[in-house]
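Per-entry structural report
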Amino acid sequence: MILLALLVQAAPTDVVVIARKRRCDVSVADRILSSREFDARAAEWAAGVPVRVHAPSSSSRKCLTRIMFKLADRGVRLVEFVD
């Protein structure tokens, strides 16, 4: 039972950074997150749920930086970047 709980907790959340003209969005499960949803997810990630960031080559550094600062401000310390 404990092993199952650990396996469920260890499943990372895949976040996709979407850089659009004058916008920088975060998508989870093909759905763009609102600010409220982002804050709720960030609280989970700060509690230890792994997060994996997919940043397409079209994403700007400015966009990635903005998202990383938002995550850091909400206590998220462990992020895995994936190409």
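To keep things clear, this report deals only with the structure shown in the data block. (Residues numbered from 1 in each chain as written. Predicted model: local features only at pLDDT ≥ 70, side-chain atom pairs only at ≥ 80, totals over all residues. Heavy atoms only, no water.)

**Section: the overall build of the protein chain**
Scanning the protein chain for helices and strands turns up three helices and five strands. Counting helices and strands in the order they occur from the N terminus, the protein chain gives α-β-β-β-α-β-α-β. At a minimum sequence separation of 6, the contacts of the protein chain that also span at least 24 residues come to 65%. Total accessible area on the protein chain stands at roughly 6,100 Å², and carbon and sulfur atoms take up 56% of it. (Helix = DSSP H or I, 4+ residues; strand = E, 2+ residues; numbered from the N terminus. Contact = heavy atoms within 4.5 Å. Areas by Shrake-Rupley, 256 points an atom, 1.4 Å probe, with all protein chains shown as cover.)

**Concerning the state of the cysteines**
Applying the stated rule across the entire model yields one disulfide. Each sulfur of the disulfide joining Cys24 and Cys63 lies 1.8 Å from the other. Judged by the torsion about the S-S bond (80°), the Cys24/Cys63 disulfide is right-handed. Taken together, the positions of Cys24 in strand E2 (residues 23–28) and Cys63 in helix H3 (residues 61–73) put the pair 39 residues apart, joining distant regions of the chain. With respect to class, Cys24 is no different from Cys63; both count as buried. (Disulfide = S-S within 2.5 Å. Buried < 20%, exposed > 50% of the residue type's maximum accessible area, 1.4 Å probe, protein only.)

**Structural notes on the pairing of strand E4 (residues 51–54)**
Side chains of E4 alternate between two faces, with Val51 and Val53 buried and Arg52 and His54 left unburied. Note that E4 and strand E5 (residues 79–82) share four bridges and pair parallel. Bridge assignment links His54 to a residue of E5, and that residue is Val82. Crossover E4 to E5 through H3 is right-handed. (Pairing = 2+ DSSP bridges. Right-handed = clockwise from strand over helix to strand, strands pointing away.)

**Comments concerning the packing of aromatic side chains**
The final tally for this structure, using the stated rule, is one aromatic pair. Here Phe38 and Trp45 contribute two aromatic rings whose centre-to-centre distance is 6.2 Å and whose plane-to-plane angle is 75°, an arrangement assigned as edge-to-face. In terms of burial, Phe38 and Trp45 fall into one category: buried. Just above the ring of Phe38 sits the side chain of Lys70; from NZ or CZ to the centre is 4.5 Å. (Phe/Tyr/Trp six-rings, centres within 6.5 Å; stacked < 30°, edge-to-face > 60°. Lys NZ or Arg CZ within 6 Å of the ring centre and 35° of its normal.)

**Considering the nonpolar core**
Counting 13 residues, the largest nonpolar core has Val15, Val26, Phe38, Trp45, Ile67, Leu71 and Val76 as its most contacted members. If you list the elements that add at least two residues to this core, you get E2, helix H2 (35–46) and H3. Once residues within four sequence positions are removed from consideration, Leu71 is found in contact with Phe38, Trp45, Val76 and Val79. (Core = buried A, V, L, I, M, F, W, Y, C linked by side-chain atoms within 4.5 Å.)

**A look at the pattern of salt bridges**
One pass over the structure, following the stated rule, counts two salt bridges. The salt bridge partner of Arg31 is Glu37, with a shortest N-O separation of 2.4 Å. The partly exposed category is assigned to Arg31, whose relative accessible area is 46%. Classification of Glu37 as partly exposed rests on a relative accessible area of 25%. The salt bridge involving Asp39 is made with Arg74; its shortest N-O contact spans 2.6 Å. Taken together, the residues Asp39 in helix H2 and Arg74 in the loop between H3 and E5 connect sequence positions 35 residues apart. Among the residues examined, Arg74 registers a relative accessible area of 34% and is labelled partly exposed. (Salt bridge = Lys/Arg side-chain N within 4 Å of Asp/Glu carboxyl O.)

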